[in-house]
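# A structural walkthrough
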Amino acid sequence: MSPTPEPLPTLPASVRLFPLGDAAVVLEFGTSISPKTHCAIQAVRGYLTQQPFAGLRELVPAFTTLTLYYDPWQLSDNGRYPPYERVAALLRQLLPAALATAVSTEATLVEIPVCYGGAFGPDLAVVATHTGLSSEEVVARHSAPEYLVHLIGFAPGFPYLGGIDARLATPRRTQPRPLVPAGAVGIAGAQTGIYSLPTPGGWQLIGRTPLRLFNPEWPQPSRLQAGQHLRFVPISEAEFQQLQRHES
Amino acid sequence: MSLSILRPGLLTTVQDLGRFGYQQDGIIVSGTMDARALRVANLLVGNAENAAGVEITLLGPKIRFEADLLIALTGAHLSPTLDGRPVGQHRPVWVAAGTELAFGAPVAGSRAYLAVAGGVAVAPVLGSRSTYLRAGFGGLHGRALRSGDVIPCGAPTPVGRKLIAALATTAASQSWAQAAWTPGPALRPTPQPNPTIRAVAGPEYGEFMPETQCAFWTQPFTVTPEADRMGYRLQGLGLVRQTKGEMLSSAVTFGTVQVPAGGQPIVLMADHQTTGGYPRIAQVISADFSALAQVRLGQQLWFQEVSLYEAQALYLAQERALRALRRGIATVFGS
């Protein structure tokens, strides 16, 4: 402890810090989805994963925010200080270094094999009709981009993906299906995603992957992680069956 | 050492304080709805506060103890009996093998907790024994308990063994014996109907109309039948945002009060999803999670605004009370 405490660094202008109740704090790095915001989130997330402070419970990245859950008792130093002030001061102190952390630009590219159409993609024709494209074009445009995994949320292993071809945007079904199988690949508005658990759902289903996205027995239970890049690779039904046998 | 489920009750699950560290994988925290009640129950039987116990909802199960065990019951008052005789809550109770625990009329609150010395010893998944019902893992086979289930228990701690020794001798020829002491009133509150729940303003509080902000803190909300471990749908005066536009999904947590487009709020509970895209008008303070967990369907609740500073002071006060209880038990029954 130095006798004259140094003034705290001010937050970079683009960063907002605010509480989410009495045991979490949110860092907001922007107000819209952008590569710059995403890199800032990944940099600070990487830094705090490598060098967590005492009392940090877990980190939840999202589109423009990184939420930190903390243990107020630990941050209070056994009840002596107001925890939020201490966690906020700590973050102000470490943010400049954390933001300067290099994020690997060669993010991992994960390939997700998908059998499009037929029984696996019962709504492929709906998307084709709505967009005025042929089914083949829908598949080509869906499997062309390198998507960015912005966050895993909604359900275990469920990725929110950025980078969809705007032409593919199709509204949700008016009647959600009572049960969508795990692995189903769907479109809802200008979003695409993969169902990771069998759940009710209203997305337009265009295909299915034989890969499991989530397994509580894996050390990292979600196959995908925020910050990764993803590409859908069209496969045949025979390949689907083969890969599925391999998965189980 | 084990417990046999003779009748399952309404919704009886194995829970500890939750599964932390995997929300970035989309895996929810789960865990007890009333964490303070489980922590107290665990302390009363000499366990670590995070040991797994049994969460009991409104209509209790019937359970037979298959070995001599030390137990404690906390949380809601659901008229518990042992071999047909009423048993006290909030105290250690020694039970002989073969004793049966049953519940009667729900007198106060919604969720009761049963702790056993040594803890419920199902295999942990991702560092926790909590049951994640929707994903089907954790707890016992990832599901609510059923008739015929046998729940394994661990070995009591040294403190647990001393508590057992002290009580077993007082049982004489009876099948069970309870301690005469309980923790102080702060750690065993009787759940109140229609409670006032304290909250801090949420991140999107400023996006709501001034009249809505005022109404939120002054109008009652009714807990609708759509209320479960994931969250409570509330019904009250419609809450109106002054800004339009979709929000980008961000983290939500236990006690987050989010407002979908219809204007009726949802308060998220233990099985809350990890992220959500609805504006967050308020965040219930941790010290009132227990009161919130004990609210019943059809009851009303009021939100009362407190500052973050107050919220954390109340949090720390609750932690001090729990630490004092732990120290007290260790002083009397420690080695």
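Reading the values: the criteria
Residues numbered from 1 in each chain as written. Chains lettered and ligands numbered in written order. Predicted model: local features only at pLDDT ≥ 70, side-chain atom pairs only at ≥ 80, totals over all residues. Heavy atoms only, no water. Helix = DSSP H or I, 4+ residues; strand = E, 2+ residues; numbered from the N terminus. Rg over C-alpha atoms; globule rule 2.2 N^0.38 Å. Buried < 20%, exposed > 50% of the residue type's maximum accessible area, 1.4 Å probe, protein only. Contact = heavy atoms within 4.5 Å. Lys, Arg positive; Asp, Glu negative; His and termini not counted. Charge placed at Lys NZ, Arg CZ, Asp CG, Glu CD. Domains from an automatic or database assignment. Buried area = accessible area lost by both parts, 1.4 Å probe. Salt bridge = Lys/Arg side-chain N within 4 Å of Asp/Glu carboxyl O. Polar contact = N/O pair within 3.5 Å; in protein donor to acceptor, adjacent residues only side chain to side chain. Phe/Tyr/Trp six-rings, centres within 6.5 Å; stacked < 30°, edge-to-face > 60°. Core = buried A, V, L, I, M, F, W, Y, C linked by side-chain atoms within 4.5 Å. Nonpolar A, V, L, I, M, F, W, Y, C, P; charged D, E, K, R; others polar.

Taking an unreviewed UniProt entry as the reference, chain B is identified by name as Biotin-dependent carboxyltransferase family protein belonging to Hymenobacter mellowenesis.

Under an unreviewed UniProt entry, the name given to chain A is 5-oxoprolinase subunit PxpB, and the source organism is Hymenobacter mellowenesis.

## With respect to the overall build of chain B
Each helix and strand in chain B was counted, giving five helices and 21 strands. In terms of C-alpha radius of gyration, chain B reaches 20 Å, essentially the compact-globule figure of 20 Å for 335 residues. Principal axes of the C-alpha set define a box for chain B whose edges measure 70 × 35 × 35 Å. Going through the 335 residues of chain B one by one, you find that 59% of them count as buried. For chain B, the share of sequence-separated contacts (at least 6 apart) that also reach a separation of at least 24 residues comes to 76%. Computing the positive centroid from 27 side-chain charges and the negative centroid from 21, chain B places the two 7 Å apart.

## Re the domain arrangement of chain A
Residues and elements named next belong to chain A. Assigned domains of chain A: these are domain 1 (16–99) and domain 2 (109–247). Across the contact, seven residues belong to domain 1 and eight residues belong to domain 2. Note on domain 1 versus domain 2: buried area summed over both sides is about 630 Å², and carbon and sulfur give 64% of it. When the buried area of domain 1 at its contact with domain 2 is split by residue, H38, R45 and F63 rank highest and sum to 64% of it. In this structure, the connection of domain 1 to domain 2 is made through zero salt bridges. Where domain 1 meets domain 2, there are one residue pair in polar contact (both at pLDDT 80 or more). Considering each element in turn, the side of domain 1 that touches domain 2 owes the most residues, three residues, to helix α1 (residues 35–50).

## Remarks on the packing of aromatic side chains
Inspection of the entire model under this criterion finds 17 aromatic pairs over all chains. Taking the centre distance of 6.0 Å and the plane angle of 25 degrees together, the rings of W181 of chain B and F333 of chain B count as stacked. With W181 of chain B in the loop between β12 (176–178) and β13 (196–201) and F333 of chain B in helix α5 (residues 308–333), the pair connects residues that are 152 residues apart, well separated along the chain. On the accessibility criterion, W181 of chain B (29% relative accessible area) is partly exposed. With a centroid separation of 6.1 Å and an interplanar angle of 45 degrees, the aromatic rings of Y205 of chain B and W217 of chain B are classed as tilted. A residue pair is termed long-range when its members are at least 10 positions apart, and Y205 of chain B in the loop between β13 and α3 (210–218) and W217 of chain B in helix α3 qualify at twelve residues. We classify Y205 of chain B as buried; its relative accessible area is 15%. On the accessibility criterion, W217 of chain B (15% relative accessible area) is buried. Each member of the aromatic cluster is reached from another via a ring pair, and the members are F63, F154, F158, Y160, Y195 and W203 of chain A.

## Let's talk about helix α1 (residues 35–44) of chain B
Residue and element names in this part refer to chain B. Summarising burial for α1: nine of the ten residues are buried, a large majority. Buried residues of α1: R36, A37, L38, R39, V40, A41, N42, L43 and L44, and no others. G46 sits one or two residues past α1 and shows a positive phi near 80 degrees.

## Things to note about the side chain of D16 of chain B
All names here are of chain B. Take D16: it is sitting in the loop between β2 (12–15) and α1. In this structure, D16 is buried with no salt-bridge partner, the nearest side chain bearing the opposite charge being R129 at 5.6 Å. At 2.9 Å, the side chain of D16 forms a polar contact with the backbone nitrogen of G18. Beyond its immediate chain neighbours, meaning those up to four positions away, D16 contacts G31, T32, L38, N50, A51, A52, S128, R129 and S130.

## Section: the nonpolar core
All names here are of chain B. Counting 31 residues, the largest nonpolar core has F216, Y232, I281, L301 and F303 as the members making the most contacts within it. Secondary-structure elements contributing two or more residues to this core are α1, β13, α3, β14 (221–227), β15 (231–235), β20 (280–284), α4 (289–293) and β21 (300–305). Core analysis: the next-biggest nonpolar cluster, separate from the first, contains 29 residues, A52, L82, V87 and I151 among them.

## Some remarks on the interface of chain B and chain A
Counting residues at the interface gives 40 residues for chain B and 48 residues for chain A. Carbon and sulfur atoms make up 61% of the surface buried where chain B meets chain A, a total of about 3500 Å² over both sides. Three residues, Q24, D25 and Q312 of chain B, lead the burial of chain B against chain A; their summed loss comes to 18% of the area buried on that side. Linking chain B to chain A there are zero salt bridges. Applying the counting rule to chain B against chain A returns 13 residue pairs in polar contact (both at pLDDT 80 or more). Those elements that place two or more of their residues in the side of chain B that touches chain A are β16 (250–251), β20 and α5 of chain B. If one sorts the elements of the side of chain B that touches chain A by residue count, α5 of chain B sits on top with nine residues. By residue class, the composition of the side of chain B that touches chain A is 20 nonpolar, 13 polar and seven charged.

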